[in-house]
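# A structural walkthrough
Spelled out, the chains give:
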Amino acid sequence: MTYDLLIGQRLYSSWSLRGWLPFIVHDIPVTVHDTLIYGDAFYDDVAAFGGTTTVPVVKTPDGAVLTDSLSILWHLAEAFPDRGLLPDAPRHRATALNMIAQMHAGFVALRSACPMNLATAWDGFVPDNAVRADLAKIDASFGSALAASGGPYLFGDYGLVDAYYAPVCIRIAGYNLPVADAVRGYVAAQLSHPAIQRWRTEGLAQDKELSQYDMDLPRTPFPMP
Ligand SMILES: N[C@@H](CCC(=O)N[C@@H](CS)C(=O)NCC(=O)O)C(=O)O
């Protein structure tokens, strides 16, 4: 009953992190396989795994191949309905699913201006209006979920929606983005989670820094709690 998961470099691959976290946090057996985004063998590795052109890719124990983080999470929520992957209350469950869909399809300005980078943080990043608009949406949706649940995660315990927004929290910390106090507290909780700590430790041990993710800004140590 073991899954296989193909992922890219841990310091940089935000979608890989989204696919990996649910297995680790919810104790779902998985064998992790590594490839290198920007590496010469990347597309061959993905194709050999049964994927298309991106990571993460999951092979289920019965042989289905899931080629998108959204289908991976969707499948896991169906396959493990009793592990708290989604909130129990139907209204909160619906809101969590909506937040996951918004992340999958949106936050384009934030994603392109602030690539996920766990190797370093950057000093003096100035968000433009489009990034500020994304941050305002985050303040609103995180703020209302945290106010209703009481935290520490969006709907109380760590679930799929937290996994999906973990790279956003890494961006908020790494670019010192202006967010509401409640969101800053949630970012600290995310970065303190043992699975996130493990992901970064494994990334630092594994990766060479990728120049593709360099910013024209002074570096500062990544503010890991
Ligand atoms: N919609 C996809 C996006 C996956 C994605 O863009 N992954 C990046 C790595 S973070 C990738 O594989 N990039 C390689 C490429 O696009 O050539 C998902 O949710 O899984």
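See the structure shown above.
Residues numbered from 1 in each chain as written. Predicted model: local features only at pLDDT ≥ 70, side-chain atom pairs only at ≥ 80, totals over all residues. Heavy atoms only, no water.

Secondary structure assignment for the chain yields nine helices and six strands. Computed over its C-alpha atoms, the radius of gyration of the chain comes to 17 Å, within 12% of the 17 Å expected for a compact globule of 225 residues. If one aligns the C-alpha atoms of the chain with their principal axes, the spans along those axes are about 45 × 45 × 30 Å. The buried share of the chain, reckoned over its 225 residues, is 49%. (Helix = DSSP H or I, 4+ residues; strand = E, 2+ residues; numbered from the N terminus. Rg over C-alpha atoms; globule rule 2.2 N^0.38 Å. Buried < 20%, exposed > 50% of the residue type's maximum accessible area, 1.4 Å probe, protein only.)

Bringing unusual backbone geometry into the picture now. Each neighbour pair has its own omega, and for Val55 with Pro56 the value is 5°, a cis peptide bond. Locating Pro56 in the fold gives a position in the loop between helix H2 (42-48) and strand E3 (57-59). Following Gly151, the chain continues into Pro152 via a peptide bond in cis, with omega recorded as 0°. Residue position: Pro152 is located in the loop between helix H6 (129-149) and helix H7 (160-174). Phi at Tyr38 is positive, roughly 75°, even though this residue is not glycine. Among the structural elements, Tyr38 can be located in the loop between strand E2 (30-34) and H2. A relative accessible area of 53% means that Tyr38 is categorised as exposed. Positive phi is not limited to glycine here, since Asn176 has a value of about 45°. Looking at the element boundaries, Asn176 is found in the loop between H7 and helix H8 (181-192).

Summed over all chains, the structure comprises zero disulfides. Between Cys114, a free cysteine, and Cys169, which holds the nearest cysteine sulfur, the sulfur-to-sulfur gap is 13 Å. Under the relative-accessibility criterion, Cys114 is labelled buried at 0%. (Disulfide = S-S within 2.5 Å.)

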